[in-house]
Amino acid sequence: MTDRPRVEDLLRPLAPQVLGLLARRLDDFDACEDAVQEALIAAARHWPEHGVPESPRGWLLRTAARRYTDQMRSEAARRRREERAAGEPAPAEASATDDCLALLFMCCHPTLTPASAIALTLRAVGGLTTAQIAAAYLVPEATMAQRISRAKQRLKVSSVRFDVPVPGSPDWAGRLRSVLRVLYLLFNEGYTASAGATLHRAELSGEAIRLARQVHRLLPAEGEAAGLLALMLLTEARRPARTGPHGELVPLAEQDRTQWDRGLIQEGTALLIGTFAHRQRPGEYRLQAAVAAVHDRAAHARDTDWPQILGLYEVLEQVTGSPLVTLNRAVALAMTDAPTAALALLDRLDSVGRGPLAGHHRTHAVRAHLLEMAGEPETAVHHYRLAAALTASTPEQRYLTAKAAGLHQRVRPTAG
């Protein structure tokens with residue numbers, strides 16, 4: 001293994017030597033400087049791991065020359081694309097949307113399956129890693145990597161135009177569904193990160209809200225676009241109260257609701273009410289926004305209208321068939337009826353198989369919560385520990401571990 005400081009000391013005097021050789025040979029200083037910088041970065045990554053080559057200057061010169069050739073090929077291809085574009089008729093009017101929105105719709109192209117389009121867009125627009133997208137989809141990382149790679153290849157051969165499609169065009173409905181789903185998943189990853197040391201990734205949730213606003217402005221009469229934006233705002237309003245002074249997770253029932261952003265709640269509520277004027281049947285985002293609005297209306301956790309939330313989840317379950325919705329419905333059922341009824345619902349879900357949620361940490365966390373409510377602390381501790389072991393989020397893991405430890409401490413005298 002080569003020492004990194006030694007490599008850096010070696011590269012410093014070699015850099016001008018290689019640049020001088022390459023620039024004299026090719027007579028293109030700017031491009032050669034870029035190529036040498038890329039070669040230096042490659043050496044800084046490669047040499048500490050694999051050792052300094054026998055001829056460091058020759059290695060850098062060959063690598064920089066290859067980088068220069070690649071740049072020239074790319075530049076030639078770019079010029080050919082620009083020449084083709086110059087020959088096309090100019091659009092009648094410049095688009096009011098930004099490049100991110102155009103990229104969003106481009107990645108949700110009809111040549112891709114909805115799942116592949118969403119995964120690719122989360123990478124290209126949202127900047128999520130393959131692991132984060134895999135966690136959002138509840139699939140292995142290798143599976144998601146293959147899906148994204150296939151999507152890129154398909155877009156490459158289809159020559160997709162970089163623009164926003166015309167509303168009402170043949171592929172419009174499918175692309176819009178994928179766009180809304182992408183924004184929903186992007187917001188969720190920002191609001192509750194699937195992995196890492198922090199609970200939130202505010203840059204992701206903020207970008208999702210920004211793009212959702214643009215989609216809503218583009219389609220003011222689209223109820224689900226408005227519903228999705230309302231859901232984001234009503235949920236984002238609680239973010240200031242979701243973590244304690246040391247970044248620890250604070251569950252909804254224990255949050256200081258005076259910290260909630262009332263401006264976002266008012267804006268989200270107004271958007272949701274505005275969707276009632278649309279004659280479209282409520283979809284999943286409007287229904288979820290309605291659930292969020294019920295929570296946000298309650299000044300205290302004890303004031304929550306759980307029967308209304310239960311009714312909304314029952315409709316939402318019919319619309320989506322999602323096992324995650326069933327988990328949420330179980331919690332609402334426990335709050336309106338009894339935890340035993342909610343546990344029976346989870347047992348029925350187990351009996352028919354719940355696919356991607358099998359062994360998921362949220363399943364164990366919900367079951368632990370219901371068991372604690374039902375007066376079965378020992379079994380609840382077991383499921384809290386399982387949930388903590390399965391999550392990749394440090395704040396969630398700490399919260400679940402603390403729940404298990406606190407509950408174990410309370411029941412240990414009884415066990416003795």
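Each chain has its residues counted from 1, following the order in which its sequence is written. Since the coordinates come from a predicted model, pLDDT governs what is reported: local features require at least 70, and pairs of side-chain atoms require 80 or more to be given and counted, while whole-chain, interface and lining totals use all residues. In computing side-chain properties, one takes all heavy atoms of the structure into account and sets aside hydrogens as well as water.

Draft legend 1. Region of interest: the overall build of the protein. In DSSP terms, a helix is any run of H or I states spanning at least four residues, a strand is any run of E spanning at least two, and both are numbered starting from the N terminus. Scanning the protein for helices and strands turns up 18 helices and two strands. Of the contacts formed within the protein by residues at least 6 apart in sequence, a portion of 63% connects residues at least 24 apart. In this analysis, two residues are considered to be in contact whenever any of their non-hydrogen atoms come within 4.5 Å of each other.

Draft legend 2. Looking closely at the nonpolar core. By convention a nonpolar core is built from buried Ala, Val, Leu, Ile, Met, Phe, Trp, Tyr and Cys residues, the set being connected through side-chain atoms within 4.5 Å. Only protein chains enter the accessibility calculation, which uses a 1.4 Å probe; a residue whose area is less than 20% of its type maximum is buried, one above 50% is exposed, and one in between is partly exposed. Ranked by size, the top nonpolar core spans 90 residues in total, and within it Leu122, Ile133, Leu183, Val215, Leu228, Met232 and Leu370 carry the most contacts. Beyond its immediate stretch of four places on either side in the chain, Leu370 contacts Ala330, Val331, Ala334, Pro339, Ala342, Leu343 and Leu346. Leu11, Ala31, Leu40 and Trp47 belong to the second-largest nonpolar core, a separate cluster that totals 21 residues.

Draft legend 3. Inspection of the packing of helix 10 (residues 223-236) against helix 12 (residues 284-297) at higher detail. Running from N to C, helix 10 and helix 12 cross one another at 30°; their axes reach a closest spacing of 8 Å. Viewed along their axes, helix 10 and helix 12 adopt a mutual orientation that is roughly parallel. In this structure, helix 10 crosses over helix 12, and the sense of that crossing is left-handed. Judged by residue contacts, Gly223, Glu224, Gly227, Leu228, Ala230, Leu231, Leu234 and Thr235 of helix 10 engage Glu284, Tyr285, Arg286, Gln288, Ala289, Ala292, Ala293 and Asp296 from helix 12. Broken down by class, the residue content of the contact of helix 10 with helix 12 amounts to eight nonpolar, four polar and four charged. With axes taken as lines fitted to C-alpha atoms, and helix axes fitted only over the stretch in contact, angles between N-to-C directions fall between 0 and 180 degrees. Roughly parallel covers angles under 35 degrees, roughly antiparallel covers those over 145, roughly perpendicular covers 65 to 115, and oblique covers all other angles. Should the near helix be turned anticlockwise from the far one by less than a right angle, the crossing is termed left-handed; should it be turned clockwise, right-handed. Residue polarity is assigned by list, with Asp, Glu, Lys and Arg as charged and Ala, Val, Leu, Ile, Met, Phe, Trp, Tyr, Cys and Pro as nonpolar; anything else, Gly included, falls into the polar class.

Draft legend 4. Layout of the pattern of salt bridges. Definition used for salt bridges: Asp or Glu carboxyl oxygen within 4 Å of a side-chain nitrogen of Lys or Arg. This structure, assessed with the given rule, holds twelve salt bridges. One salt bridge connects Glu284 with Arg181, and the closest N-O pair in it is separated by 3.3 Å. In this pair, Glu284 sits in helix 12 while Arg181 sits in helix 8 (residues 172-191), placing the two residues 103 residues apart along the sequence. We classify Glu284 as partly exposed; its relative accessible area is 22%. With a shortest N-O distance of 3.2 Å, Arg367 and Asp347 are connected by a salt bridge.

Draft legend 5. Main features of the packing of aromatic side chains. Pairing of aromatic side chains here covers Phe, Tyr and the six-membered ring of Trp, requires ring centres within 6.5 Å, and sorts the geometry by plane angle: under 30 degrees stacked, over 60 edge-to-face, intermediate tilted. Applying the stated rule across the entire model yields four aromatic pairs. Ring geometry for Trp47 and Trp59: centres 5.3 Å apart, planes at 70°, overall edge-to-face. You can see Trp47 sitting in helix 2 (residues 29-50) and its partner Trp59 sitting in helix 3 (residues 56-86), a full twelve residues away along the chain. A relative accessible area of 17% places Trp59 in the buried class. Aromatic pair Phe187 and Tyr191: ring centres 5.7 Å apart, planes at 15°, arrangement stacked. With Phe187 and Tyr191 both in helix 8 and four residues apart, the pair spans about one turn of that helix. We call a charge positioned above a ring when the Lys NZ or Arg CZ atom is no farther than 6 Å from the ring centre and deviates by at most 35 degrees from the ring normal. The aromatic ring of Trp260 is capped on one face by Arg238, whose charged end is 5.9 Å from the ring centroid. A cation over an aromatic ring shows up here: Arg242 above the ring of Tyr191, its NZ or CZ 3.9 Å from the ring centre.

Draft legend 6. View of the environment of Thr304. In this structure, Thr304 sits in the loop between helix 12 and helix 13 (306-320). For Thr304, a relative accessible area of 9% corresponds to the buried category. For the pair formed by Thr304 and Met335, sequence separation is 31 residues and the distance between their alpha carbons is 9.7 Å. With sequence-adjacent residues up to four places away left out, Thr304 is seen in contact with Arg257, His295, Ala298 and Ile309. Counting of polar contacts relies on pairs of N or O atoms within 3.5 Å, with two restrictions inside protein: one atom must be capable of donating a hydrogen and the other of accepting it, and residues adjacent in sequence are counted only when both atoms are side-chain atoms. A polar side-chain atom of Thr304 sits 2.8 Å from the main-chain carbonyl oxygen of Ala301.

Draft legend 7. The arrangement of the packing of helix 5 (residues 114-124) against helix 8 in detail. One way to put it is that helix 5 packs onto helix 8 with a least axis distance of 9 Å and a crossing angle of 50°. With respect to helix 8, the axis of helix 5 lies oblique. Between helix 5 and helix 8 lies a crossing whose hand is right-handed. Only Ser178, Arg181, Val182, Leu185 and Leu186 of helix 8 make contact with helix 5, whose side of the interface consists of Pro114, Ile118, Thr121 and Leu122. Grouping the constituent residues of the contact of helix 5 with helix 8 by class yields six nonpolar, two polar and one charged.

Draft legend 8. Just helix 14 (residues 323-336), in detail. Expected span of a helix, by definition, is 1.5 Å for each gap between consecutive residues, and there is one gap fewer than residues. The end-to-end C-alpha separation of helix 14 is 20 Å, in line with the 20 Å expected for 14 residues at 1.5 Å each. Listing the buried residues of helix 14 in full gives Val325, Thr326, Leu327, Arg329, Ala330, Ala332, Leu333 and Ala334. By the N-cap criterion, in which a side-chain oxygen at the helix start approaches the backbone nitrogen of a residue two or three places on, helix 14 is capped by Ser322, the distance to Leu324 being 3.1 Å.

Draft legend 9. Focus on the environment of Tyr285. Relative to the helices and strands, Tyr285 resides in helix 12. Along the backbone, Tyr285 and Leu231 are 54 residues apart, and their C-alpha atoms lie at a distance of 6.8 Å. Apart from the residues within four sequence positions on either side, Tyr285 is in contact with Leu180, Arg181, Tyr184, Glu224, Gly227, Leu228 and Leu231.

Draft legend 10. Layout of helix 8. Here helix 8 contains 20 residues, and its C-alpha end-to-end distance of 28 Å stays within 8% of the 28 Å for a straight helix at 1.5 Å per residue. Counting buried residues in helix 8 gives 15 out of 20 residues, a clear majority hidden from the surface.

Draft legend 11. Seen up close, the side chain of Arg286. Mapped onto the secondary structure, Arg286 falls in helix 12. Buried charge Arg286 goes without a salt bridge, the closest partner of opposite sign being Glu224 at 4.5 Å. Engagement of the side chain of Arg286 in a polar contact is seen with the backbone oxygen of Thr275, the distance being 2.9 Å. Not counting chain neighbours up to four residues away, the residues in contact with Arg286 comprise Gly223, Glu224, Gly227, Leu272, Thr275, Phe276, His278, Gln280 and Arg281. Charge assignment in this entry is limited to Lys and Arg as positive and Asp and Glu as negative, and neither His nor the chain termini are counted.

Draft legend 12. Quick look at the confidence of the model for the protein. How sure the predictor is of each residue is captured by pLDDT, a score from 0 to 100. Mean pLDDT over the protein works out to 84, with 86% of the residues at or above the 70 mark. The element-level mean pLDDT for the protein is lowest in helix 1 (residues 4-26), coming to 71, with helix 12 highest at 97. Scored below 50 in pLDDT, residues 85-97 makes three contacts in the model with residues more than four places away or belonging to other chains.

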